[in-house]
Structure formats: C-alpha cells, structure tokens
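# An overview of the molecular structure
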Amino acid sequence: MTGKLGTDPLPQTEIQGRLDRLLEQVQEAGKRQVGYPTNQDFDYSAVLPFLSHSLNNVGDPFHSSNYQSNTHAFEREVINRFADLLRINPDEAWGYVTSGGTEGNMYGLYLARELFPNAMFYFSEETHYSVLKNVRLLNARYIMIKRQESGEIDYDDLYDMVRVHRDVPAVIMATIGTTMRGGVDDLDRIREMLSDLAVTNSYIHADAALSGMILPFVDDPQPFGFDAGVDSVSVSGHKLIGAPLPCGVVLTKRSHVERVGRAIELVGVRDTTLSGSRSAMGPLMMWYALARNGDEGFRRLVAGMLDTAEYAVGQFNERGIPAWRHRNSVTVVFPRPPEDVIRKWQMAPEGEVAHIITMPHVTREMIDELVSNCAA
Ligand SMILES: Cc1ncc(COP(=O)(O)O)c(C=O)c1O
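In this report, the structure presented in the accompanying data block is examined.

## Let's talk about the overall build of the protein chain
Of regular secondary structure, the protein chain possesses 11 helices and 9 strands. Relative to its length of 376 residues, the protein chain is compact, with a C-alpha radius of gyration of 22 Å against a globular reference of 21 Å. Relative to its full complement of 376 residues, the protein chain shows a buried share of 51%. Contacts in the protein chain between residues at least 24 apart in sequence constitute 69% of all its contacts with a sequence separation of at least 6. For the protein chain, the exposed surface amounts to about 17,900 Å²; the carbon and sulfur share of it is 49%. Distance between charge centres in the protein chain, computed from 36 positive and 49 negative side chains, equals 3 Å.

So this is what it looks like as structure tokens:
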C-alpha cells in the first residue's frame with residue numbers, strides 16, 4: 001500500500017501503523033533472503049545512541065576536520081585493519097569508508113583516470129553493472145571483454161585488446177568474486193599479460209565486493225590483494241560483515257592519492273573522497289564488527305558459509321540439479337528455477353542461471369526447503 005504525505009502532519013497512530021507494517025514486511029522478507037550477499041545476522045545495538053547525534057565524516061579521514069562530531073579516528077582504524085587484510089603496509093595505504101562497493105569502484109576508476117587521462121579501460125561483461133555507468137561518467141575510453149562460462153574474464157580476448165591498444169596506458173578492472181557466478185579474475189595472469197606486452201603504464205583496480213572479506217580468511221586464497229599487484233581495492237561492508245546501512249571501504253596506495261591530492265590542494269582543499277558529507281555510522285559499525293569478531297571470528301564465519309555452500313551444492317546435485325560453485329566461493333550457481341521459486345526466495349537470476357549466496361543467516365533448513373522447491 002502506498003500512502004500519501006500531505007501538507008498536514010499525519011496522526012501519530014497512522015504513522016506508527018505504517019512503521020509497524022513496514023517492520024513486519026522487512027522481518028518476513030529477511031526469512032527467505034538467499035539471493036543477495038547481505039549478511040542479516042548482526043547486532044549493532046551498542047552504537048544506537050549515536051543515532052541521536054548529527055555525525056558527519058566529511059573530508060579525508062586522515063586529515064583534521066573542523067566538523068568535530070565525526071568518527072574519523074574509528075574510520076582510520078578500519079582502514080588500517082583492511083590494509084593488513086588486503087596485504088599492504090598501512091603506512092603506504094590510504095582509503096576511506098564508502099557508501100558501498102559501487103562508490104569504491106568509482107573511486108578506483110576515478111583515480112586511474114586522474115593518473116592516466118588517456119588510458120583505455122578494460123572490464124569483462126561479467127563485471128558488476130555499475131562499472132559501465134562509472135566509466136561513462138568518467139568519459140573514459142573502454143572496451144568490454146568477453147567472459148568465460150565460469151564468470152572469469154576471457155584472458156585471450158583481454159590479451160588481444162590490450163595488444164591492439166598497447167600505445168596507451170591500460171586500466172584493468174578485475175573482479176574478485178563476480179556478482180552472478182563468483183568468478184575470480186586471475187591477477188597473476190593479468191599482470192603477466194601486461195608485462196608480456198610491455199605495457200609500462202597500467203593500473204589494476206580489484207572489485208572485491210564480497211570476496212574481499214572471504215579470501216583473507218581462507219587457507220589457500222586466489223590472488224586478491226596489493227601483493228598481487230593491484231593499485232586499489234573496493235570491498236562492501238554491508239555484504240559479509242553485515243550492516244543496516246550500506247557501507248564499504250576503498251583502499252589504494254597513498255602515493256597514488258598524493259599525486260592526485262596535490263592538484264586538488266592548489267585550490268585549497270584536501271577533498272580526497274568522492275562524497276563531501278559522508279556517513280559516520282558506516283565507519284563506526286564496521287569498526288564495531290571488526291572489533292567484536294577479530295580475525296578468528298571472521299575465519300569461523302567464512303568457514304561456516306563455505307560449509308553451507310558445499311552442503312547446498314550436494315543437495316542440489318542429489319536431486320539431479322547441476323549446481324556448482326568456485327573454490328572459496330559462497331555463490332552457488334544452478335539452472336534458473338520457475339518464477340514463483342525466484343520470487344519466494346528473492347533470487348537474482350540472469351538469463352538461464354540463478355544463484356544463492358550462503359551468507360551467515362542462510363541455514364541448512366532453508367537450503368533443504370529451497371532445493372525441494374527447485375526440484376518440484
Ligand atoms: C562484484 C560486485 N561489485 C560491486 C557490487 C556493488 O556493491 P554495493 O551494492 O556495495 O554498491 C556488487 C554488489 O552485489 C558486486 O557483487
């Protein structure tokens with residue numbers, strides 16, 4: 001039901017009624033949410049008192065701000081922690097808490113364009129839909145590369161395209177865990193390709209929206225961090241960590257930002273973030289989750305999610321449904337089920353395939369019911 005706001009205040013009973021109904025709807029929807037990578041298991045009641053204050057993290061978290069009601073100190077701790085997780089010395093890293101993975105990707109691409117204004121941008125057709133919009137916003141030249149069935153970028157197509165344009169810098173947008181199939185673009189192979197083609201000016205951005213919080217906590221991860229040669233990484237906070245508000249982090253090398261930052265300082269501001277006013281709650285909630293879980297907590301959480309994913313593949317396969325997943329991936333891919341099943345479980349299908357993502361709130365009981373719905 002859609003109501004209507006008018007010129008007069010609504011009666012309090014009507015306001016409360018609308019809020020109660022919305023809450024019921026959200027609680028009900030959360031019980032069968034298996035198609036999107038948003039962890040629903042969290043408790044941020046400890047930070048609720050901060051909602052009574054007008055907090056704002058405007059500006060660069062590593063510089064002082066005149067607006068003192070901020071959580072910059074907590075934000076810096078989050079960034080330093082992520083620097084460790086993403087394998088860069090915190091002293092050499094810079095970053096901030098974004099409004100989500102999309103903003104982090106936008107930031108990485110923006111930085112690449114500032115460093116290499118005449119670059120060609122490359123990304124696979126499996127890349128998150130927002131990337132195409134981002135490169136268009138930046139008015140950057142781009143080539144969309146074919147994808148393999150697995151969801152990984154087609155390396156032969158990438159090689160051919162970079163070879164044709166090797167006279168200009170290459171900006172490669174690699175996905176570490178694609179949205180639909182959980183495919184991980186091979187950073188070692190991409191770097192070898194650039195070196196083989198003698199492309200000296202290049203920039204690799206890694207979109208690790210979900211897997212950026214999985215791979216640091218498994219024993220045998222695919223290459224995913226700065227040690228694999230990336231220049232920037234974006235990770236979502238509301239995905240694996242889980243949060244009631246969208247949030248994320250973007251990390252890059254301090255030296256990159258300093259080159260861009262200098263130009264901005266000419267006009268008197270240290271305006272290094274994409275948004276001006278920024279949420280102070282996102283950094284606080286991420287800090288709280290990192291502080292509460294520690295590495296051991298996340299390792300347990302990730303191991304549990306991978307177990308559930310393996311269980312789901314087994315259950316599907318037992319019923320004759322050819323489900324599969326990548327190594328270290330919680331994205332279970334299977335043939336597109338009927339529309340009523342898609343609606344019931346809030347799946348995000350694409351063409352012939354659908355997926356479920358075994359976030360911490362997804363139980364084996366939910367998998368059993370879902371698999372029997374798919375097999376019916
Ligand atoms: C690979 C990938 N990149 C980027 C995004 C966008 O992230 P956000 O929703 O945090 O903006 C998603 C979201 O699902 C994603 O799967």
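From this point on, the discussion continues.
## A look at empty space enclosed by the protein
Empty space among the atoms can be located by rolling a probe the size of a water molecule over them. Tallying each qualifying case throughout the model produces 1 cavity of 30 Å³ or more. Roughly 40 Å³ of internal volume is contained in the largest cavity. In terms of lining, the largest cavity is formed by G177, G182, V184, S211, L215, Q222, R327, N328 and S329. Residue composition of the lining of the largest cavity, grouped by class: 2 nonpolar, 6 polar and 1 charged. Among the domains, domain 1 (33-44 + 294-375) and domain 2 (53-291) are the pair contributing at least three residues each to the lining of the largest cavity.

## Brief notes about the site of the ligand
Around the ligand, 13 residues are found, and the nearest of them are G101, T102, T179, D207 and S236. Between the ligand and D207, the relevant distance is 2.5 Å, taken from a nitrogen atom to a side-chain nitrogen or oxygen of the residue. For the ligand, whose free accessible area comes to 400 Å², the fraction covered by protein is 85%. Most atoms of the ligand, that is more than half of them, are within 2 Å of grid points of the largest pocket. Elements with a minimum of two residues in the shell around the ligand: α3 (101-115) and α7 (238-242). The dominant element in the shell around the ligand, judged by the number of residues it contributes, is α3, at 3 residues. For the shell around the ligand, the residue count by class is 1 nonpolar, 10 polar and 2 charged.

## Notes on the side chain of H355
Mapped onto the fold, H355 is located in strand β9 (residues 353-357). Of the polar contacts made by the side chain of H355, one reaches the backbone oxygen of G35; its length is 3.0 Å. When sequence neighbours within four positions are dropped, the list of residues in contact with H355 reads G35, T179, M180, T331, V332, V333, F334, M347 and A348.

## Notes on the packing of helix α2 (residues 72-85) against helix α9 (residues 281-318)
The geometry of α2 relative to α9 is characterised by a closest axis approach of 9 Å and an angle of 50° between their N-to-C directions. Judged on the interaxial angle alone, α9 and α2 are oblique. Judged by the sense of rotation from one axis to the other, the crossing of α2 with α9 is left-handed. Between α2, through F74, E75, E77, V78, R81, F82 and L85, and α9, the contact on the second element is made entirely by P283, L284, M286, W287, L290 and D295. The residue inventory of the contact of α2 with α9, partitioned by class, reads 9 nonpolar, no polar and 4 charged.

## Some points on helix α6 (residues 187-196)
An α-helix turns once every 3.6 residues. As a result, residues three or four positions apart point the same way. Within α6, burial applies to L187, I190, M193 and L194. End-on, the buried residues of α6 take up no more than an arc of 120°, which puts them together on one face. Along α6, the residues that are exposed and aim more than 90 degrees away from the buried face are E192, S195 and D196. On the buried face of α6, the contacting elements are α5 (155-164), β4 (170-175) and β5 (202-207). The backbone nitrogen of D188 has a side-chain oxygen 3.0 Å away, supplied by the residue at the start of α6, namely D186. Positive backbone phi, approximately 55°, marks A198, located one or two places after α6.

## Focus: the nonpolar core
Residues F82 and L251 are the most contacted members of the largest nonpolar core, which totals 66 residues. Examining the composition of this core, we find that 11 residues originate from one element, α9, more than from any other. Per-domain counts for this core show at least three residues from each of domain 1 (33-44 + 294-375) and domain 2 (53-291). Here L251 is in contact with I79, F82, A83, L86, I88, A93, W94, G95, F226, D231, S232 and V233, once residues within four sequence places are set aside. Y96, L111, A140 and V257 belong to the second-largest nonpolar core, a separate cluster that totals 22 residues.

## Observations concerning unusual backbone geometry
Backbone geometry places A198, a non-glycine residue, at a positive phi of 55°. A positive phi angle is found at N328, which is not glycine, with a value near 60°. Locating N328 in the fold gives a position in the loop between α9 and β8 (331-335). According to the relative accessible area criterion, N328 is buried, its value standing at 14%.

Reading guide: rules and limits
Residues numbered from 1 in each chain as written. Predicted model: local features only at pLDDT ≥ 70, side-chain atom pairs only at ≥ 80, totals over all residues. Heavy atoms only, no water. Helix = DSSP H or I, 4+ residues; strand = E, 2+ residues; numbered from the N terminus. Rg over C-alpha atoms; globule rule 2.2 N^0.38 Å. Buried < 20%, exposed > 50% of the residue type's maximum accessible area, 1.4 Å probe, protein only. Contact = heavy atoms within 4.5 Å. Areas by Shrake-Rupley, 256 points an atom, 1.4 Å probe, with all protein chains shown as cover. Lys, Arg positive; Asp, Glu negative; His and termini not counted. Charge placed at Lys NZ, Arg CZ, Asp CG, Glu CD. 1 Å grid on protein atoms, 1.4 Å probe; cavity = no way out; pocket = protein on both sides within 12 Å on 5 of 7 lines; lining within 4 Å. Points joined across faces, edges and corners; volume = space filled by probe spheres on them. Nonpolar A, V, L, I, M, F, W, Y, C, P; charged D, E, K, R; others polar. Domains from an automatic or database assignment. Near = heavy atom within 4 Å. Polar contact = N/O pair within 3.5 Å; in protein donor to acceptor, adjacent residues only side chain to side chain. Sits in = over half its atoms within 2 Å of the grid points. Axes fitted to C-alpha atoms, helices over the stretch in contact; angles between N-to-C directions. Parallel < 35°, antiparallel > 145°, perpendicular 65-115°, else oblique. Left-handed = near helix turned anticlockwise from the far one by under 90°. Arc of directions from axis to C-beta. Core = buried A, V, L, I, M, F, W, Y, C linked by side-chain atoms within 4.5 Å.

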